[in-house]
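Geometric and topological summary
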Amino acid sequence: MRNPLRALFEQRSIGSSHDLWTMLSRGSTSSSGAIVNERSALAVPVVLTCVSLISRTIMTLPVDVYERLVGGGKRKADEHPLARLFDNPNSWQDWPMFCQMLQAHLLLRGNGYAWVNWVG
């Protein structure tokens, strides 16, 4: 008897750079034959609601930079460069919106990247 769940647990590998580009640009083909990418996943209301709920919850968490003191305590380091980044990550987003965007990228794409440019 053939196992109907076998296709779910098959190992899939990327054979060439063309296969990698195809997977990144168009999504990957599921075991049902449907192409799944960020856009097609967000068309499913449950996925959209879950991504929205998780990313909005993460954006409400407090983020502060602390430094360790010699005596074993800690204090808030408002003058640290990362504290400035948390206050204003870019010219069009505040920290909560930036954090929400990164979390949504993480959930939908598998990773969230931000480039830090320390100019000025």
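Note that the structure is a prediction, hence the values are computed from the model and not measured. (Residues numbered from 1 in each chain as written. Predicted model: local features only at pLDDT ≥ 70, side-chain atom pairs only at ≥ 80, totals over all residues. Heavy atoms only, no water.)

Turning our eyes to something else, we now look at the overall build of the chain. If you tally the helices and strands in the chain, you get 5 helices and 4 strands. Start at the N end of the chain and walk to the C end: the helices and strands fall as α-β-β-α-α-β-β-α-α. Evaluated residue by residue, the chain yields a buried proportion of 17% over its 120 residues. Carbon and sulfur atoms make up 59% of the accessible area of the chain, which amounts to about 10100 Å² in all. (Helix = DSSP H or I, 4+ residues; strand = E, 2+ residues; numbered from the N terminus. Buried < 20%, exposed > 50% of the residue type's maximum accessible area, 1.4 Å probe, protein only. Areas by Shrake-Rupley, 256 points an atom, 1.4 Å probe, with all protein chains shown as cover.)

Let's shift gears to the side chain of Gln93. Within the fold, Gln93 resides in the loop between α4 (81-87) and α5 (95-109). When sequence neighbours within four positions are dropped, the list of residues in contact with Gln93 reads Asn88, Phe98 and Met101. (Contact = heavy atoms within 4.5 Å.)

Right, let's get into the environment of Glu38. Mapped onto the elements, Glu38 comes out in helix α2 (residues 38-42). Remark: the alpha-carbon pair of Glu38 and His105, spanning 67 residues in sequence, is separated by 9.2 Å. In this structure, Glu38 is in contact with Leu108 and Arg109, ignoring residues within four places of it in sequence.

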